[in-house]
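Fold and geometry: a report
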Amino acid sequence: MDFKKIAKGLDLEEDEYMDLIRLFVETTEANLQDLERSIKAQDSEAVFKMAHKIKGAALNLELADVASLAKEIESKGRSNQLTDTSPLFGELKKTFVKISALATQ
Amino acid sequence: MDRRRAEKRFPILLVEDEPVTAALLEKTLCKAGYAVEVARNGKEALGLLAETFFPFVLTDWEMPELGGLELCRTIRESFKSSYCYIVILTGRHEKNDIVAGLEAGADDFITKPPTNSELLARINAGMRVLELEESLVKAREEIRNLSTIDSLTGCYNRAYLDEHLPNELERAKRYKRDLSILFCDFDHFKQVNDNFGHQVGDRVLKDSVQCINDTIRQHMDWIARYGGEEFIIVAPETDITAAGQMAERIRKAICNLKIETSSQILHVTASFGVSGISPSRDESNVTPETLIDQADKQLYRAKMGGRNCVFVEDLQSPHSL
């Protein structure tokens, strides 16, 4: 994940981009908790909504891995097929933690 | 086209509940020179719009409290006097949703996430529309002025008088207020034109109206060109005596005007007839026509009385209609 390169592509200074990454980490932290709860509760609509939010934010910052994982979970929520969502969530969380670590450096 | 002017003139209201998207969009727009205000949802947006008008709204589709679709509809229903250019941001790209958005009143659509160049290009397109609206409003103002203002002197024209004197009179009659009119006619004006030419004649009228405007009360009294060298000054809340005094002031001021021609300095004079209504009389039969007629009668007396003078209707005596 080359933040510098992404920043340039978005016409942002690196520090401006990092500010947005930090904002992303803050808001997605809470969203991930809500998503986890929704998956456990098998609430398809909530799963769809939360995944959609996370996907949107990630796409904005060109965090492709987060975005594609969120998109898969979003699809499952939309089609009301929540089986096998937990491993996907696990992947998503792992990727997020990596970004979180980079952001606080 | 000078892009910068549009950016400063038309502030953007960004309506987006997702914090990262909102922050990124705000940053991008600010860097491009736009003034941006952010609302977290449709309800908040309407609150801001109630306080300040935003000519440009960039709104998300799915939001808590009030979504983009409803926001669009509400804006179209509420803000009729100025145009609000609305762009909807959405992650959905189904044709139905695009159609729904446009029918609800959106002007354009951007699917998220937009590239910077697409975002700015669409915003610029919207700004062009707003500039167009601005120039149309300006043109409408000018047309309105053309139809009510006398182009030579800048005072109101006959059409305006015919439209507005009835209103003034009606109001004064209903609320039992004083209202007076001063009928002003320039003396020997035909001779001015014959001896010095029409350009000088025009200047006499122009300078005189300027002089009269300087003498009458701003935002209260108004002057309209009734005919070639005839003017009517409408003085609301003015009783006949005060109106006579106003006419005398104007008469003197016109006397003192110096009109420069190629050969000499010209002086002109005007005659005045003053009529009015008073709360102490039964004015129910007075119409704009009879009021002007009465002023004209007084004007005639002024002309017969030697010109360059003021004759005032005697409101003590009963109506001579």
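As the structure is a computational prediction, the values presented were derived from the model and not from experiment. (Residues numbered from 1 in each chain as written. Chains lettered and ligands numbered in written order. Predicted model: local features only at pLDDT ≥ 70, side-chain atom pairs only at ≥ 80, totals over all residues.)

What about the nonpolar core?
Counting 58 residues, the largest nonpolar core has A:A58, A:V66, A:A70, B:L13, B:V57 and B:I86 as the members making the most contacts within it. Tallying contributions element by element places helix α3 (residues 44–60) of chain A first for this core, with 8 residues. With near-sequence residues (within four places) excluded, B:I86 lies in contact with B:V57, B:T59, B:C72, B:I75, B:G105, B:A106 and B:D107. Core analysis: the next-biggest nonpolar cluster, separate from the first, contains 45 residues, B:C184, B:V204, B:V268 and B:F272 among them. (Core = buried A, V, L, I, M, F, W, Y, C linked by C-beta atoms within 7 Å. Buried ≥ 20, exposed ≤ 12 C-beta atoms within 10 Å, placed from the backbone. Helix = DSSP H or I, 4+ residues; strand = E, 2+ residues; numbered from the N terminus. Contact = placed C-beta atoms within 7 Å.)

A closer look at the interface of chain B and chain A
Contact with chain B, which involves 11 residues of that partner, is made by 14 residues of chain A. Here the residues of the side of chain B that touches chain A are counted per class, giving 5 nonpolar, 3 polar and 3 charged. (Nonpolar A, V, L, I, M, F, W, Y, C, P; charged D, E, K, R; others polar.)

Quick word on unusual backbone geometry
The amide bond that connects B:K112 to the next residue, B:P113, takes the cis arrangement and shows omega of -10 degrees. Tracing the backbone through its elements, the reader meets B:P113 in the loop between β5 (108–111) and α6 (116–148). Phi is positive for A:N80, close to 60 degrees, though the residue is something other than glycine. With respect to the secondary-structure elements, A:N80 resides in the loop between α4 (64–78) and α5 (85–103).

Remarks on the sheet that holds strand β8 (residues 230–236) of chain B
All names here are of chain B. Spatially, β7-β8-β6-β11-β12 is the arrangement adopted by the 5 strands of the open sheet, whose pairing is mixed. Each having just a single partner strand, β7 (222–225) and β12 (310–312) make up the two edges of the open sheet. On average, each strand axis in the sheet is tilted by 20 degrees relative to the strand beside it, whichever way the strands run. As defined by bridge partners, strand β6 (residues 179–186) adjoins β8 across 7 bridges and the pair is classed as antiparallel. Along β8, the bridge assignment pairs L179 with P236. Sheet contacts for helix α11 (residues 288–304): β6, β8, β11 (270–277) and β12; angle to β11, the most-contacted strand, approximately 145 degrees. (Pairing = 2+ DSSP bridges. Axes fitted to C-alpha atoms, helices over the stretch in contact; angles between N-to-C directions.)

Some words on the packing of helix α2 (residues 14–40) of chain A against helix α2 (residues 19–31) of chain B
Direction vectors running N to C along α2(A) and α2(B) enclose 160 degrees, while the axes themselves pass 9 Å from each other. Here α2(A) lies roughly antiparallel to α2(B), going by the angle between them. With respect to the hand of their crossing, α2(A) and α2(B) are arranged in right-handed fashion. Each of A:E16, A:L20, A:L23, A:F24 and A:T27 in α2(A) lies in contact with α2(B), whose residues at this interface are B:P19, B:V20, B:A23, B:L24 and B:K27. Split into classes, the residues belonging to the contact of α2(A) with α2(B) amount to 7 nonpolar, 1 polar and 2 charged. (Parallel < 35°, antiparallel > 145°, perpendicular 65-115°, else oblique. Left-handed = near helix turned anticlockwise from the far one by under 90°.)

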